[in-house]
Amino acid sequence: MLVSAKEMLQKAKAGHYAVGQFNINNLEWTKAILLTAQELSSPVILGVSEGAGKYMAGYKTVVGMVKGMMEEQKITVPVALHLDHGSYEGCLKCVEAGFSSIMFDGSHYPIDENVAKTKELVKIVAEHGMSLEAEVGSIGGEEDGVIGMGECADPDECKRIADLGVDMLAAGIGNIHGPYPANWQGLSFETLAAVQEKTGEMPLVLHGGTGIPEDMIKKAIDLGVSKINVNTECQLSFAAATRKYIEEGKDKIGKGYDPRKLLAPGFEAIKATVKEKMELFGSVGKA
Ligand code: 13P
């Protein structure tokens, strides 16, 4: 059974660790993440971007796959199925499809519009027993070959959004999606501390988990981060393992071309990355 992320994040906050959100792209990704969470007895959040939802043939397909897999593979740890960076319309679609959690990313709207839309979603989500993540201060990343630096959120705007009754808040603290450029300034712990001070017990979300040094991750958790999103790192490890298999000519040996064989090293690589992150975030044994 899917659960909202509310309780797992409150527990993480109280226990000073973070729950990983790992984005899924297909069956192999989903299975690797769920099995690792079960093996390590860790709560987990499966992230689905709007693009990945489309790729996987729609949100209902995703819900069917995840629920079916949890039952057949006997996954008993808490699992939330979460829309990542949703538009308002995307959020409504995921409520209808049976997700257990959504993120509304209104960070590109003027703050009053972000507040108004987030407020409406707080109501809808509560009616369905789901959890809601909101965002203030945009998170940078590569777009058309240009790497945008992450913004730092305004702590007062964060308080306005937090007070609406969201379950978790993503505040930009200089983090970006994808690998960090060589001239990256690092996370702004000053902003993080100021945001947490204004928002009290609100579980904070750190996007762009790929490539943040371990000491910064630990400090972010100390300062109130309870959810960390990882996407690119699983993609990189999957791609490297798959490339190695092909370069070694293994697809040409026997039935090495069988997708169940060809995708196996990538699957194992995702498992290893997820394990490493769960250990770093401190969520192992917390299910
Ligand atoms: P990375 O791809 O940098 O790990 O970021 C993931 C993320 O924040 C998804 O919302």
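Below you will find a few notes about this structure.

**Looking at the environment of Val-225**
Structurally, the position occupied by Val-225 is in strand β10 (residues 225-230). On the basis of neighbour counts, which here come to 28 C-beta atoms within 10 Å, the residue Val-225 falls in the buried class. Here the alpha-carbon distance between Val-225 and Leu-169, two residues 56 residues apart in the chain, equals 9.4 Å. Look past the residues within four positions of Val-225 in its chain and what remains in contact with it is Ala-18, Leu-204, Leu-206 and Ala-220.

**Considerations on the site of the ligand**
Lining the immediate environment of the ligand, one finds 15 residues, of which His-207, Thr-210, Asn-229, Asn-231 and Thr-232 sit closest. Sorting the residues of the shell around the ligand by element identifies β3 (79-86), β10 and α10 (232-247) as the ones contributing at least two each. When grouped by side-chain class, the residues that make up the shell around the ligand number one nonpolar, twelve polar and two charged.

**As for the sheet that holds strand β5 (residues 131-136)**
In a beta sheet, neighbouring strands pair by backbone hydrogen bonds and run either parallel or antiparallel. Reading around the barrel, the eight strands line up as β1-β2-β3-β4-β5-β8-β9-β10 and close back on themselves, with parallel pairing between neighbours. Sheet twist, expressed as the average angle between the axes of neighbouring strands with direction ignored, equals 25°. As paired elements, strand β1 (residues 19-23) and strand β2 (residues 44-49) share three bridges and run parallel to each other. Across the sheet, the residue bridging to Phe-22 is Leu-46, located in β2.

**A closer look at the nonpolar core**
Judged by nonpolar contacts, the single largest core of 71 residues is most densely connected at Ile-33, Val-44, Leu-46, Ile-102, Leu-169 and Ala-171. In contact with Ile-33, other than residues within four places in its own chain, are Phe-22, Ile-24, Val-44, Leu-46 and Val-274.

**Topic: unusual backbone geometry**
Comment: phi is negative for the bulk of residues other than glycine, and the bulk of peptide bonds are trans. The phi dihedral of His-16 falls on the positive side, at around 60°, and the residue is not glycine. Here His-16 lies in the loop between α1 (6-15) and β1.

Conventions adopted
- Residue positions are given per chain, counted from 1 along the sequence in the order it is written.
- Confidence filtering applies because this is a predicted model: local features only for residues at pLDDT of at least 70, side-chain atom pairs given and counted only at 80 or more, and all residues used for totals across whole chains, interfaces and linings.
- Counting from the N terminus, the helices are the DSSP runs of H or I reaching at least four residues and the strands are the DSSP runs of E reaching at least two.
- Neighbour counting defines burial: a residue surrounded by 20 or more other C-beta atoms within 10 Å of its own C-beta is buried, one with 12 or fewer is exposed, and intermediate counts give partly exposed, using backbone-placed C-beta atoms.
- Once C-beta atoms have been placed from the backbone, residue pairs whose C-beta atoms lie within 7 Å are recorded as contacts.
- Being near a molecule or strand means, for a residue, that its backbone-placed C-beta atom lies within 6 Å of it.
- When residue character is reported, Ala, Val, Leu, Ile, Met, Phe, Trp, Tyr, Cys and Pro are called nonpolar, Asp, Glu, Lys and Arg charged, and the others, Gly included, polar.
- For two strands to pair, DSSP has to find at least two bridges joining them.
- With axes taken as lines fitted to C-alpha atoms, and helix axes fitted only over the stretch in contact, angles between N-to-C directions fall between 0 and 180 degrees.
- Structurally, a nonpolar core is described as a collection of buried Ala, Val, Leu, Ile, Met, Phe, Trp, Tyr and Cys residues joined by way of C-beta atoms within 7 Å.

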